[in-house]
Amino acid sequence: MELKLDRLTKQFGARIAVDRVSATLAPGVTGLLGANGAGKTTLMRMVCDVLRPTGGQILLDGRDASELGDEYRALLGYLPQDFGYYPDFSALDFMRYMATLKGFSDRDGRARSMELLDEVGLADDARRKVKTFSGGMRQRLGIAQAMLNDPAILVLDEPTAGLDPKERVRFRNLIAGFAQDKVVILSTHIVSDVEFIANRILVMRQGSFVLDGTPEQVVKQAAGKVWECRVETRRAEEMSASLQVANVRYATDGHAVLRVVADEPPMVGASVVEPTLEDLYLLVFSDGNGR
Amino acid sequence: MGTLIEFELKKILGNRAGMVSCALVLAMLLALTVLDYTTAVTRDFFTGEVVHGAEAQKSARGLQEMHAGQLTDERVADDAAALDRANQLGEEVPGLYELDNQQIIDTYGLEFWQQTRAVAEDGYYMEVVGTLDSASPRATSLRDGAEARIEGMLDQGFWGYFRYSDVEKAYWRNLEDGISWPMEWGYMQGWHDVLEWKAFSGLAVVAVCIALSGVFAGEYRDRTAAIVLPTRQGKRALPAAKVAASLIFTTAYWLLLAGLVIGLRVVLYGADGWDLPLQVSQGLDVPYPLTVGQAVVLAYALGYLVALGMSALALLISSKVRSTMPVAAITMAFVFMGVLGLFMTPAAKIALLTPFTGLSYAYDYMVSYAAGPLVADLPTVLAVLYGAMLVAFTPLAMRAFKRHQVA
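Only a predicted model underlies this, so the values are computations on that prediction, with no experimental measurement involved.

### Side note on a positive patch on the surface
In step 1: A surface patch of like charges, here positive, comprises A:Arg52, B:Lys320, B:Arg399 and B:Arg403.
In step 2: Within the fold, B:Arg403 resides in the segment after helix H21 (378-402).

Here is the structure:
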């Protein structure tokens, strides 16, 4: 299966939110990285057929998704960024409702719902009203509904928002296991969400893809641009204010070790270190003033 | 589909503002009915005593039953003579008009009161003899009197709001020809009240529209459209299920309301008079050749159609906006502006097409609309208008939901 985005464009008045982006997505996890406002959510909405593109098209195995209609939507699983819910529905009611919308019979929908609620750790809360859920529980419920129909295309927009570290790990493992033969698009600005499970990274800025490749290939773009500097504590604060500092570690001897992302060495004695995806993210989304 | 409709109904029932509105309308209906019954006061014809509540209703029933029977020419002539005698006796006693009922009984006795003031104030005599007096000289048959009364109204126009064209006059005369004479008179208080309350369903429409305000708009407002639309049934069965659930809700609520109006009145006043002519209940100037029962069925069926048409309007607005407020505001304005519009003469005919005023006047007054040689009365135009709204607006609402852009 192949999902092709062909010069996909979305314009809101004079503002271009997504600007002729093209990519061919194969089974596996594609991490879509970008700052807030980069156009990720708009792109996700177009992929999920809830926002009509201004230009371009989405092709599923060569067939236009807009023409496939219900057939295309039947293959989708979508967790939107702003996940709305029905406050008076219990978690099970909500899942049954979504299962019905996804074409399940009531009996099969109930069984599948319970299975997924169990998988996301909500089985014991299945009969509780969604309005009593914490943000993390609602997010897990959202993930469960997206996976109800075992979707061939799973689109997750900021899926880990509100999840605690343990839940994040659980979520990552769930998606990694799920994505063997499915197209998973995981949009996030939290690098660690995709760092270990993505087969491919697309970095989006101002409506366009600015980087595309495997995590290793993408990270290489930052090679030679990540520095480690050992400075006095007072100097560390000055550098943090003026440079793109990925990390500061304060030592007990009054010194600090800074991890700086910059094209040039930030100081004499700075040593080059191996970049990570987070370093690359900082490099791509720096504001041009080194921050 | 059934499961989806079930869930959509659950969402409608979860709309608190809507449920409170619907409950308030029902509570208001119950309260007004009980107040109407318990606060009734009348002076009993047979005893001259002032009676309240249930006794008052019993007394009014007794009086109506006293007049029951066929209104033959001989009978109405006797009634006219009785009213004339009452007026004459009143004139012969100096100062009688200054006395109230109790003073007349205390001064001149019960029998004198029964022959004078009780007759003059009896609605039956006012209606029947008043109708005979619509002709000049006084008609000798009730049919001639009724025809003269209707003819006079056709000549005057509708309360000065609008005049009748010749084709409209011919339409109403033709309708009036269908009335059977001589007419049967009798007690029909329960059904009379049911007909008087038919406009109440026009108000209930507002509560229904508030309840339906979130059917589509709620999905946009709560950001749930983003998860329900990109599903297999999201743009296919879901919009249809929403419309079906809305119409089921409207039907259920309307049945509950109509059942309460009819049930309460029948329990309190009895079911007598179903087969009597509509004129016994609504006046001899009504040209519809219907029985009271037929008019009840038609008026409430019309009320139901109006409720469905207004529900379709509410759904259409709901599908176009992201807030539930405009749905409630526009439908409320639509209902209540009709009442205000009635006071603006040029807009009266349009105002009569709104739910509350339309249902108030349907089957009670000669309101007609003419286009060339074609004439239709108010109930027909209301049925066509609200039927068309139902047929046109529901697909438009479904289409708007399917095309909703999550942005």
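Let us keep going from here.
### Examining the packing of helix H2 (residues 16-38) of chain B against helix H15 (residues 237-269) of chain B
Residue and element names in this part refer to chain B.
In step 1: The geometry of H2 relative to H15 is characterised by a closest axis approach of 11 Å and an angle of 10° between their N-to-C directions. Classified by the angle between their axes, H2 and H15 sit roughly parallel to one another. Contacts between H2 and H15 involve Met19, Cys22, Val25, Leu26, Leu29, Leu30, Thr33, Asp36 and Tyr37 from the former and Phe249, Tyr253, Leu256, Leu257, Leu260, Val261, Leu264, Arg265, Leu268 and Tyr269 from the latter.

### What about the nonpolar core?
One broad rule of soluble globular proteins: the nonpolar side chains tend to lie buried together.
In step 1: Counting residues in each nonpolar core, the largest one holds 201 residues, and the members touching the most others are A:Leu3, A:Leu43, A:Tyr72 and A:Tyr97.
In step 2: Tallying contributions element by element places helix H17 (residues 292-320) of chain B first for this core, with 14 residues.
In step 3: Ranked by size, the runner-up nonpolar core spans 12 residues in total, among them A:Trp227, A:Met239, A:Val260 and A:Ala262.

### Thoughts on a negative patch on the surface
Residues and elements named next belong to chain B.
In step 1: A cluster of acidic residues, Asp73, Glu74, Asp78 and Asp144, forms a negative patch on the protein surface.
In step 2: Here the element with the most residues in the negative patch is helix H4 (residues 73-92); it accounts for three residues.
In step 3: Residue Glu74 is classed as exposed on the basis of its relative accessible area, which comes to 56%.

### Focus: the domain arrangement of chain A
Residue and element names in this part refer to chain A.
In step 1: Each assigned domain of chain A is listed here: domain 1 (3-214) and domain 2 (226-284).
In step 2: Taking the mean C-alpha position of each, domain 1 and domain 2 sit 35 Å from one another.
In step 3: In total, domain 1 and domain 2 occlude about 710 Å² of area from one another, counting both sides; carbon and sulfur atoms represent 77% of this.
In step 4: Contact with domain 2 buries area across many residues of domain 1, yet Val191, Glu195 and Leu211 alone supply 49% of it, more than any other trio.
In step 5: At the junction of domain 1 with domain 2, the criterion picks out zero salt bridges.
In step 6: For the side of domain 1 that touches domain 2, the secondary structure elements donating two or more residues are strand E3 (28-34), helix H8 (192-195), strand E9 (200-205) and strand E10 (208-213).
In step 7: Here the element with the most residues in the side of domain 1 that touches domain 2 is E9; it accounts for three residues.
In step 8: The class makeup of the residues in the side of domain 1 that touches domain 2 is eight nonpolar, two polar and two charged.

### Some details on the sheet that holds E3(A)
All names here are of chain A.
In step 1: Taken together, six strands build an open sheet; the order of strands is E6-E7-E8-E3-E9-E10 and the sheet is mixed. Both edges of this open sheet fall to strand E6 (76-79) and E10, since each of them pairs with a single strand only. On average, each strand axis in the sheet is tilted by 15° relative to the strand beside it, whichever way the strands run.
In step 2: In the sheet, E3 pairs with strand E8 (residues 183-188) via six bridges, with the strands oriented parallel. Pairing of Thr30 across the sheet is with Ile185, part of E8.
In step 3: Along the sheet face, helix H6 (residues 135-146) touches E6 and strand E7 (153-157) and points at about 170° away from the line of E6.

### Quick notes on helix H4 (residues 91-101) of chain A
In step 1: Counted residue by residue, H4(A) has 11 buried out of 11 residues, so it is predominantly covered.
In step 2: Looking only at H4(A), the buried set comprises A:Ala91, A:Leu92, A:Asp93, A:Phe94, A:Met95, A:Arg96, A:Tyr97, A:Met98, A:Ala99, A:Thr100 and A:Leu101.
In step 3: Those residues of H4(A) that are buried lie in contact with helix H5 (106-119) and H6 of chain A together with helix H1 (2-13), helix H13 (214-221), helix H14 (225-228) and H15 of chain B.
In step 4: Just beyond H4(A), the residue with positive phi is A:Gly103, at close to 95°.

### Thoughts on the pattern of salt bridges
In step 1: Counted by the stated rule, this structure contains 40 salt bridges over all chains.
In step 2: A:Asp181 is paired through a salt bridge with A:Lys182; the nearest N and O atoms lie 3.4 Å apart.
In step 3: B:Glu219 is the partner of B:Lys242 in a salt bridge, and the nearest nitrogen-oxygen pair spans 2.6 Å. Taken as a pair, B:Lys242 in helix H15 and B:Glu219 in helix H13 lie far apart in primary sequence, 23 residues in all. We note that B:Lys242, like B:Glu219, is buried.

Rules behind the numbers
Residues take numbers from 1 onward in each chain, read along the sequence in its written order. To read the labels, note that chains go from A and ligands from 1, taken in the order they are written. Given that this is a predicted model, residues contribute local features only at a pLDDT of at least 70 and side-chain atom pairs are listed and counted only at 80 or more, while totals for whole chains, interfaces and linings are drawn from all residues. Only hydrogens and water are removed before side-chain values are computed, so all heavy atoms of the structure are retained for them. Exposure above 30% relative accessible area and no salt bridge define the residues that can form patches, which grow by joining like charges within 9 Å and nonpolar side chains of Val, Leu, Ile, Met, Phe, Trp and Tyr within 5 Å. Only the protein chains shown count as cover for residues, with accessible areas throughout obtained via the Shrake-Rupley method and a probe of 1.4 Å. The term salt bridge refers to a side-chain nitrogen of Lys or Arg lying within 4 Å of a carboxyl oxygen of Asp or Glu. Just so you know, the count uses Lys and Arg for positive and Asp and Glu for negative, and it drops His and the chain ends. Just so you know, the charge point we use is NZ for Lys, CZ for Arg, CG for Asp and CD for Glu. Numbering of helices and strands starts at the N terminus; helices are DSSP runs of H or I of at least 4 residues and strands are runs of E of at least 2. To get an axis, a line is fitted to the C-alpha atoms, and for a helix only the part in contact is used. The angle between two axes follows their N-to-C directions and goes from 0 to 180 degrees. Under this scheme an angle from 65 to 115 degrees is roughly perpendicular, one under 35 degrees roughly parallel, and one over 145 degrees roughly antiparallel; angles in between are oblique. Whether two residues touch is decided by their heavy atoms; if any such pair falls within 4.5 Å, the residues are in contact. Take the buried residues of types Ala, Val, Leu, Ile, Met, Phe, Trp, Tyr and Cys, join any two whose side-chain atoms come within 4.5 Å, and each joined set is a nonpolar core. Three exposure classes are used, based on accessible area relative to the maximum for each residue type with a 1.4 Å probe and protein chains only: buried under 20%, partly exposed in between, and exposed over 50%. Boundaries between domains were set according to an automatic or database domain assignment. Buried area: the accessible area, evaluated with a 1.4 Å probe, that two parts lose upon being put together, summed over both parts. Gly falls in the polar group here, along with every residue not listed as nonpolar (Ala, Val, Leu, Ile, Met, Phe, Trp, Tyr, Cys, Pro) or charged (Asp, Glu, Lys, Arg). Here, any two strands with at least 2 DSSP bridges between them count as paired.

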